[in-house]
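For reference, the chains in residue letters:
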Amino acid sequence: MKKFHHDDLTATDASQGPCEPADRDRAALASTSDTTDDETIPLRSAEEVLHHPLFPEVRAALNRGTLDLYTTQNFPGGFAVDAWRVILLGQIMGLDGDDIEGGTAATPTELKQRMATYGLYSARQIDAYLSRLIQTGHLEVVVHPRDRRVRLLRPLPPLVYWHWCFVKLYCDACHALFPEENFDLILRREDKFLPFVARVGAGKIAMATAMELLMRDPDLAAFFGRGGATLVLHAAMHETSADPTRPLRESDLVSYAEMFGRSRSHMRNLIALAIERGFFEEVGRRPQTLRVTPRLIETLSRYLADTIRSSERTYRRAERAYGESSAPR
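First, a word on what this report is: a plain description of the structure on this page. (Residues numbered from 1 in each chain as written. Predicted model: local features only at pLDDT ≥ 70, side-chain atom pairs only at ≥ 80, totals over all residues. Heavy atoms only, no water.)

1. What about the overall build of the protein?
Defined as follows: Here a helix means four or more residues in a row that DSSP labels H or I, a strand means two or more in a row labelled E, and each is numbered from the N terminus. The buried label applies to any residue whose accessible area, calculated with a 1.4 Å probe on protein chains only, is under 20% of its type's maximum; exposed applies above 50%, and partly exposed to all values in between. Between two residues, a contact is recorded if the distance between any of their heavy atoms is within 4.5 Å. To be clear on the numbers: accessible area is Shrake-Rupley with a 1.4 Å probe, and residue cover counts the displayed protein chains and nothing else.
Each helix and strand in the protein was counted, giving 16 helices and 5 strands. Here the protein holds 329 residues, and the buried ones make up 53% of them. For the protein, long-range pairs separated by at least 24 residues make up 71% of all intrachain contacts whose partners lie at least 6 apart in sequence. When the accessible area of the protein is evaluated, it comes to approximately 15,200 Å², of which 49% is carbon and sulfur surface.

Encoded structure:
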């Protein structure tokens, strides 16, 4: 098996932004269904992923890649990550891909309406994060070319690049498990394809799947909305990937505080939450020693498997729309 590591975020070339879609590409974007599922692109079963002999290695790579992708150094805005900020970034990219009329979709108002649909983030929280993204050079707000009263959100190359790395993380996993399938449009970074995968990923079908995955397990859901919380679980899985039964010192996890943009006391609170929810167990004190539980391995494995298979279907739906846009006329 080809070894893969999520090293793209350490590369210095983030200068390439998305290409502007041609007229027929805009038509294909517009025709991509967002309201009904496409039964001709089936969702692979979770068992097919979980029982794959290479899944443990892929899971370990995803844990490493997740830690890299969501450090405060790499995460857009330099804030601690939570699931709602990731969704907000996906919606910004989706709006940009959805802006088929050159300025009818990618507005702050539309972004707030989309987030409100899912009960995520207040208008004030969205404004604060948008301001931060502008400050850090990930986003700009421009005047509508035909109506100066309207402001449009435009992702800048660093955000486009981060989003590509986000999509590529799971395409790498899909390719490792199912090399007979083709994910080249992402793996070779086909810029014209990015608006298609962003639009599908931010659409109603993908969002319904994402929300179901985030909320299905109440114990895991308790971590998604807290800054850096899920990274503690990924870090524990990463630290014990060679031997899940190996004892883990509390200080090993607390040492990730700076990487996650959290205080050491916050990290200890997250560890206490993980113990409470049955993901860690205490096996010693002075110093405190922990062990990951079978429940954590099972829960996070299922979440990653579900994310892999939903990412594969999102890719296929985007690939279809992209192929239709490039077909001879």
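The discussion continues.
2. A word on the environment of Arg-291
So the rule is basically this: Polar contact is defined as a pair of N or O atoms within 3.5 Å, subject to the rule that within protein one atom must be able to donate a hydrogen and the other to accept it, and that residues adjacent in sequence are counted only when both atoms are side-chain atoms.
By secondary structure assignment, the location of Arg-291 is in strand β5 (residues 289–292). Note: C-alpha distance between Arg-291 and Ala-236 (55 residues apart in sequence) is 8.6 Å. At 2.9 Å, the side chain of Arg-291 and the backbone oxygen of Thr-245 are in polar contact.

3. A closer look at helix α5 (residues 108–117)
The following threshold applies: The directions from the helix axis to the C-beta atoms form the arc being described.
Those residues of α5 that fall on the buried side of the exposure criterion are Pro-108, Leu-111, Arg-114 and Met-115. The arc enclosing the buried residues of α5, seen along the axis, measures out at 125 degrees, which places them on a common side. Exposed side chains of α5 directed beyond 90 degrees from the buried face belong to Thr-109, Ala-116 and Thr-117. Gly-119 lies just past α5 and shows a positive phi near 70 degrees.

4. Points about the nonpolar core
Cut-off, in case you're wondering: By nonpolar core we mean a set of buried residues, namely Ala, Val, Leu, Ile, Met, Phe, Trp, Tyr and Cys, connected to one another through side-chain atoms within 4.5 Å.
Of all hydrophobic cores here, the largest spans 93 residues; its most connected members are Leu-111, Ile-186, Phe-193, Leu-253, Phe-280 and Ile-308. Take this core: its biggest share by element is 14 residues, from helix α7 (residues 157–177). Those residues within four positions of Leu-253 in sequence are excluded, and the remaining contacts are Val-232, Ala-235, Ala-236, Leu-248, Met-267, Ile-271, Phe-280 and Leu-290.

5. A closer look at the pattern of salt bridges
Applied cut-off: Salt bridges are defined by distance alone: a side-chain nitrogen of Lys or Arg within 4 Å of a carboxyl oxygen of Asp or Glu.
On inspection of all chains with the given rule, the structure shows 21 salt bridges. One salt bridge in this structure joins Glu-239 and Arg-246, with 4.0 Å as the shortest N-O distance. By relative accessible area, Arg-246 is classed as partly exposed at 32%. The residue Asp-252 makes a salt bridge to Arg-249 at a minimum N-O spacing of 3.1 Å. On the basis of relative accessible area, Arg-249 is assigned to the partly exposed category, the value being 45%. Ionic contacts of the salt-bridge type, sharing partners, join the residues Glu-212, Arg-216, Arg-302, Asp-306 and Arg-309 into one network.

6. As for the packing of aromatic side chains
Applicable threshold: Classification of ring pairs uses Phe, Tyr and Trp, with its six-membered ring standing for Trp, and accepts pairs whose centres are within 6.5 Å; under 30 degrees between planes counts as stacked, over 60 as edge-to-face, and the remaining range as tilted.
Under the defined criterion, the tally for this structure stands at 13 aromatic pairs. Residues Phe-183 and Tyr-315 carry aromatic rings whose centres are separated by 5.1 Å and whose planes lie at 55 degrees to one another, so their mutual orientation is tilted. Placement of the pair is Phe-183 in the loop between α7 and α8 (184–187) and Tyr-315 in helix α16 (residues 294–326), with a sequence separation of 132 residues. You can call Tyr-315 buried: its relative accessible area is 1%. Measuring from centroid to centroid gives 5.8 Å for Phe-223 and Phe-279, while their planes differ by 55 degrees, and the two rings are tilted. Within this pair, whereas Phe-223 is found in helix α11 (residues 218–224), its partner Phe-279 is found in the loop between α15 (264–276) and β4 (280–284), the two being separated by 56 residues in sequence. In this structure Phe-223 comes out as buried when scored by relative accessible area, which is 0%. With a relative accessible area of 0%, Phe-279 lands in the buried category.

7. A look at the pairing of β5
Going by this rule: DSSP calls a pair of strands paired once it identifies at least 2 bridges connecting them.
Where strand β3 (residues 248–249) meets β5, 2 bridges bridge the pair, whose relative direction is antiparallel. Looking across to β5, one finds that Leu-248 is bridged to Leu-290. Where β4 lies against β5, 4 bridges are found, and the strand directions are antiparallel. In the strand pairing of β5, Gly-284 is matched with Thr-289.

8. Things to note about the packing of helix α3 (residues 55–69) against α7
How two helices pack is summed up by the angle between their axes together with the distance between the axes. Filter applied, for reference: Axis definition: a line fitted to C-alpha atoms, over the contacting stretch in the case of helices. Angles run 0 to 180 degrees between N-to-C directions. Oblique is the label for any angle not covered by the other classes, which are roughly parallel (under 35 degrees), roughly antiparallel (over 145) and roughly perpendicular (65 to 115). Each residue is assigned to one of three groups, with Ala, Val, Leu, Ile, Met, Phe, Trp, Tyr, Cys and Pro labelled nonpolar, Asp, Glu, Lys and Arg labelled charged, and all others, Gly among them, labelled polar.
Close contact between α3 and α7 brings their axes to 10 Å; oriented N to C, the two are set at 170 degrees. Put simply, α3 runs roughly antiparallel to α7. Together, Phe-55, Val-58, Leu-62, Gly-65, Thr-66 and Leu-69 of α3 and Trp-162, Cys-165, Phe-166, Leu-169, Tyr-170, Ala-173, Ala-176 and Leu-177 of α7 make up the contact between the two elements. Among the residues forming the contact of α3 with α7, the class breakdown is 12 nonpolar, 2 polar and no charged.

9. Observations concerning unusual backbone geometry
A negative phi holds for most residues other than glycine; trans holds for most peptide bonds. Its identity as a non-glycine residue notwithstanding, Tyr-121 has a phi of 65 degrees, on the positive side. The class of Tyr-121 is buried, set by a relative accessible area of 17%. Backbone geometry places Arg-189, a non-glycine residue, at a positive phi of 55 degrees. Inspection of the secondary structure assignment puts Arg-189 in the loop between α8 and α9 (194–201). With relative accessibility at 15%, the residue Arg-189 sits in the buried group.

10. Some words on the sheet that holds β3
Spatially, the 3 strands line up as an open sheet ordered β3-β5-β4, and their pairing is antiparallel. This sheet does not close on itself; its edge strands, each paired only once, are β3 and β4. Strand contacts of helix α12 (residues 229–239): β3, β4 and β5, with the helix running at about 55 degrees to β4, the strand carrying the most contacts. Together, β4 and β5 form the strand contacts of α15, whose direction differs from that of β4 by roughly 100 degrees.

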